[in-house]
Protein chains: 2
Amino acid sequence: MNHLIIMAGGVGSRFWPMSTPERPKQFIDVLGVGKTLLQLTVERFEGICPIENIWIVTSVRYQELVRQQLPELPDSNILLEPCMRNTAPCIAYVVWKIKKRDPDACLVVSPSDHIVLDIHEFRRVVMKGMQFVADGERILTLGMMPTRPETGYGYIQMKNNISVYQREIHEVEAFREKPDLLTARSYLKSGDYLWNAGIFLWKVDTIERAFRTFLPDVATLFDSMEGVFFTAEEQKVINRYFPECRNISIDYAIMENARNIYVFPASFGWSDLGTWGSLYEQISKDTSQNAVIGDGVRMIESTGCIVHVPVGRSMVLQGLENYIIAEENGVLLICRKSDEQRIKEFSQQ
Amino acid sequence: MNHLIIMAGGVGSRFWPMSTPERPKQFIDVLGVGKTLLQLTVERFEGICPIENIWIVTSVRYQELVRQQLPELPDSNILLEPCMRNTAPCIAYVVWKIKKRDPDACLVVSPSDHIVLDIHEFRRVVMKGMQFVADGERILTLGMMPTRPETGYGYIQMKNNISVYQREIHEVEAFREKPDLLTARSYLKSGDYLWNAGIFLWKVDTIERAFRTFLPDVATLFDSMEGVFFTAEEQKVINRYFPECRNISIDYAIMENARNIYVFPASFGWSDLGTWGSLYEQISKDTSQNAVIGDGVRMIESTGCIVHVPVGRSMVLQGLENYIIAEENGVLLICRKSDEQRIKEFSQQ
């Protein structure tokens, strides 16, 4: 059976004040479409697995938000981390749970706060990727075909241009950290580099074996807890032992070390919405290049702005060029778009 | 006895969204001092007349606002105009009422939405002016000594530099409309021109006689209604006949025509707060020349801005130069300070 793991524990500090530690961006209707990014993520996987096979791993503080936004999800499918330990322990927890119930499961792991514009192509890629990993001991990542020399993403280098599976899937040569602009330009030009979207596919026993090889301490810890999974004791035990896990990403711990890693180059209008700038790129602009989310905003002689305010909020914005105007929870931020990397600083008292 | 007439029927459209037809600027704490401009106006006259001699003329739609903001004022001292007919009919109404009760009254007429910084000097000037008009058939205006070549005010030209009363009060040569900049500069240079602050002093029989001379139709109309004043019928009769008055200002109808007009040149830190710019001039600025009213506003790399937002409203404003940022009733306006004369246009759908 297919299972979906959605990682929904991030805090999204770069989108303040829209995103706050109390309500990070995955729980917000960032695009102004009436659905939060988490809801859009679940919707994107419709038809790939049934709702009881969807697992949300999040922080204990977001349990209620997940319940409210996914009311059809069984409560027991919300896994609560007592603290943040990056992606490897997070994935190990849900992998160990799933393998106890369904040892032949095929898994897809996805962030909760990205967007995909072409859902049909996305589903095609994921279904084909599932077949590929079901057939063997394979770890598959989805690689986004780059459209610009982006320095804000990690890259996946394909081994060569010869596909190993149905002309679409390639072996991975290496994972590359976020590059500088010159390097990013050479990546774009070469055609061998893809953006790492943080979406992974594998069989449960494949990833279990990878944990045992590359993170044996984490594997041993979850082995020791396996007996309480799906019992009333589980949360108590997790709260006690989960914090002992190393703080390490799945990329760094496993992807960069394992040999059986593959990448599926894909183009389905993906964005991690990591910055206001990337949100600006994704949403439609008026004739003055303003991207406005909010139904009560009137732009006058303003250009190149991104506006994100709640439904019903009334604003008249005149004479602004290239600003971010964002409001949430009664806090308004106005700052220059070119200074958006300083938003975390602006948000501090 | 001294009486105070406060005209509080204006709609203040230039201060949108702080000022709206539902709550014009006289009913707002424009300066962020915890008191509205109307409350500050009443306070300014403390010691000049008792509360039962204060008369507020306003629109029927602002009756509740006046009650709330001046709870100590007798209800019968709030006079309700059924429609706007400019200052002459407004003043006639309250003059006819006062003369019925107190035919020897000395009156001072004041707008409700101006500010005065030096209240002690203001009281000295008003008390001395009251003595002057009590002594004869005189109409006295207060003239503000100009500090800049302002083109937004009307001017009062003194007849000559020889005072007619205690070295302070002068005869009036003429009232002058708002000048262009060149003319305003020549006014400032000559020293004979004063700003018209719309504050008038006179005995009740003096102004009654002026009405009979220059606005006989208005005088006749109020003569015909006098019998119902201070009865249960008053409002009904006013609602029926007040709209028949000509729409005309006291300046145009009487001041510019009467002969016994005097002016008291004064300096008590007056502003009509007619524009955001004049408010900006009046309130204290931070080291970046931002004038901020609101306790939750953080200015970063912003200069020359004026911010007026409700208590408790949180904002971070970065990289803004010379903007107006104003919020009231859930509506936010941001516009260039240099475009403030277009605010009425911005406020329209």
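Predicted, not measured: the structure shown is a model, and the values here were computed from it. (Residues numbered from 1 in each chain as written. Chains lettered and ligands numbered in written order. Predicted model: local features only at pLDDT ≥ 70, side-chain atom pairs only at ≥ 80, totals over all residues. Heavy atoms only, no water.)

Notes on the overall build of chain A
Within chain A, the regular secondary structure consists of 11 helices and 17 strands. Against the globule reference of 20 Å for 349 residues, chain A gives a C-alpha radius of gyration of 21 Å, in line with a compact fold. The principal-axis extents of the C-alpha atoms in chain A amount to approximately 60 × 50 × 35 Å. Among the 349 residues that make up chain A, the fraction classed as buried is 57%. For chain A, contacts bridging at least 24 residues in sequence account for 66% of all contacts bridging at least 6. Just so you have it, chain A exposes about 14500 Å², and 48% of that area is on carbon and sulfur atoms. If you average the places of the 37 positive and of the 44 negative side-chain charges in chain A, the two averages end up 2 Å apart. (Helix = DSSP H or I, 4+ residues; strand = E, 2+ residues; numbered from the N terminus. Rg over C-alpha atoms; globule rule 2.2 N^0.38 Å. Buried < 20%, exposed > 50% of the residue type's maximum accessible area, 1.4 Å probe, protein only. Contact = heavy atoms within 4.5 Å. Areas by Shrake-Rupley, 256 points an atom, 1.4 Å probe, with all protein chains shown as cover. Lys, Arg positive; Asp, Glu negative; His and termini not counted. Charge placed at Lys NZ, Arg CZ, Asp CG, Glu CD.)

A few points about the interface of chain A and chain B
Each partner contributes residues to the interface: chain A has 28 residues there, and chain B has 28 residues. If you sort the residues of chain A by the area they bury against chain B, A:Val316, A:Gln318 and A:Ile334 come out on top, with a joint share of 26%. Where chain A meets chain B, there are 4 salt bridges. With its nearest N and O atoms 2.6 Å apart, the salt bridge here joins B:Glu327 to A:Arg313. (Buried area = accessible area lost by both parts, 1.4 Å probe. Salt bridge = Lys/Arg side-chain N within 4 Å of Asp/Glu carboxyl O.)

A short note on the sheet that holds strand S14 (residues 306-308) of chain B
Taken in spatial order, the 6 strands line up as S13(A)-S15(A)-S17(B)-S16(B)-S14(B)-S12(B) in an open sheet, and their pairing is mixed. Single-partner strands in this sheet number two, and they are strand S13 (297-300) of chain A together with strand S12 (291-293) of chain B. On average, adjacent strands in this sheet sit at an angle of 5 degrees to one another, irrespective of strand direction. Pairing analysis gives 4 bridges linking strand S15 (residues 314-318) of chain A to strand S17 (residues 331-336) of chain B, with the strands arranged parallel. Within S17(B), the position partnered with A:Met315 by the bridge is B:Leu332. (Pairing = 2+ DSSP bridges. Axes fitted to C-alpha atoms, helices over the stretch in contact; angles between N-to-C directions.)

Concerning the sheet that holds strand S16 (residues 323-328) of chain A
Pairing within the open sheet is mixed, and its 6 strands lie in the order S12(A)-S14(A)-S16(A)-S17(A)-S15(B)-S13(B). Of all the strands in the sheet, the pair left with one neighbour each is strand S12 (291-293) of chain A together with strand S13 (297-300) of chain B. Direction aside, neighbouring strands of the sheet carry axes that sit 5 degrees apart on average.

Section: the relation of the copies chain A and chain B
For the pair chain A and chain B, the relating rotation is 180 degrees, the translation along its axis is 0.1 Å, and the fit reaches an RMSD of 0.1 Å. Here the transformation between the copies is reduced to the relation of a two-fold axis. Relative to the rotation axis, the C-alpha of A:Leu320 is the closest in chain A, positioned 4.4 Å from it. Comparing contact sets, 100% of the residues at the interface of chain A also lie at the interface in chain B, consistent with an isologous, same-surface contact. (Least-squares fit on C-alpha atoms with pLDDT ≥ 70 in both.)

What to know about the packing of helix H3 (residues 87-101) of chain A against helix H6 (residues 204-214) of chain A
Residue and element names in this part refer to chain A. As a packed pair, H3 and H6 sit with axes 10 Å apart at the nearest point and diverge in direction by 130 degrees. When the axis of H3 is compared with that of H6, the two are oblique. H6 is crossed by H3, and the crossing has left-handed handedness. Residues Ala88, Ile91, Ala92, Val95, Trp96 and Lys99 of H3 form the contact with H6, whose own contacting residues are Val204, Ile207, Glu208, Phe211 and Arg212. (Parallel < 35°, antiparallel > 145°, perpendicular 65-115°, else oblique. Left-handed = near helix turned anticlockwise from the far one by under 90°.)

Here's the deal with helix H7 (residues 216-225) of chain B
Structurally, the α-helix is built with 3.6 residues per turn, so residues lying three or four positions apart point the same way. Residue and element names in this part refer to chain B. Where H7 is concerned, the buried positions are Val218, Ala219, Leu221, Phe222 and Met225. Along the long axis of H7, the arc covered by the buried residues comes to 160 degrees, so they all point the same way. Facing away from the buried side of H7 by more than 90 degrees, the exposed set consists of Thr220 and Ser224. Of the surrounding secondary structure, the elements contacted by the buried residues of H7 are helix H3 (87-101), helix H6 (204-214) and helix H8 (234-241). (Arc of directions from axis to C-beta.)

A word on the packing of aromatic side chains
Under the criterion given, the structure shown has 38 aromatic pairs over all chains. Seen from their ring centres, A:Phe27 and A:Tyr62 are 5.3 Å apart, and the 50 degrees between their planes marks the pair as tilted. Residue A:Phe27 is located in the loop between strand S1 (2-7) and helix H1 (37-44), and its partner A:Tyr62 is located in the loop between strand S2 (54-59) and helix H2 (63-69); the two are separated by 35 residues in the primary sequence. A:Tyr62 gets classed as buried once you look at its relative accessible area, which sits at 1%. Look at B:Phe222 and B:Phe242: their rings are 6.4 Å apart centre to centre, the planes differ by 75 degrees, and that puts the pair in the edge-to-face class. Remark: B:Phe242 occurs in the loop between H8 and helix H9 (250-255) and B:Phe222 occurs in helix H7; sequence separation between them is 20 residues. Of the aromatic side chains, those joined through ring pairs into one cluster are A:Tyr93, A:Trp96, A:Phe211, A:Phe222, A:Phe229 and A:Phe242. Positioned over the ring face of A:Phe230 is A:Lys97, at 4.4 Å from the centre of the ring. Here the basic side chain of B:Arg44 rests over the ring of B:Phe122, its NZ or CZ set 5.8 Å away from the ring centre. (Phe/Tyr/Trp six-rings, centres within 6.5 Å; stacked < 30°, edge-to-face > 60°. Lys NZ or Arg CZ within 6 Å of the ring centre and 35° of its normal.)

Here we look at the pairing of strand S9 (residues 193-203) of chain B
All names here are of chain B. S9 sits mainly inside the fold: 10 of its 11 residues count as buried. Both strand S4 (residues 106-111) and S9 contribute to a ladder of 4 bridges, which runs antiparallel. Within S9, the position partnered with cysteine 106 by the bridge is lysine 203. Note that strand S6 (residues 139-144) and S9 share 4 bridges and pair antiparallel. When the sheet's bridge partners are listed, threonine 141 is paired in S9 with phenylalanine 200. Note that strand S7 (residues 155-158) and S9 share 3 bridges and pair antiparallel. Looking at the pairing, isoleucine 156 lines up with leucine 194 of S9.

Some remarks on the environment of A:Pro149
By the secondary structure assignment, A:Pro149 is in the loop between strand S6 (139-144) and strand S7 (155-158). Setting aside residues up to four positions removed in sequence, A:Pro149 forms contacts with A:Tyr155, A:Leu181, A:Ala184, A:Arg185 and A:Leu188.

Quick word on unusual backbone geometry
Residue and element names in this part refer to chain A. The linkage connecting tryptophan 16 with the following residue, proline 17, adopts the cis geometry, with an omega of 0 degrees. Structurally, proline 17 can be placed in the loop between S1 and H1. Even without being glycine, asparagine 86 reaches a positive phi, approximately 65 degrees. Within the fold, asparagine 86 resides in the loop between strand S3 (78-81) and H3.

Points about the confidence of the model for chain A
Predicted confidence across chain A gives a mean pLDDT of 94, with 100% of residues reaching 70 or more. This complex was scored by the predictor with a pTM of 0.79 and an ipTM of 0.77. (pLDDT = per-residue confidence, 0-100.)

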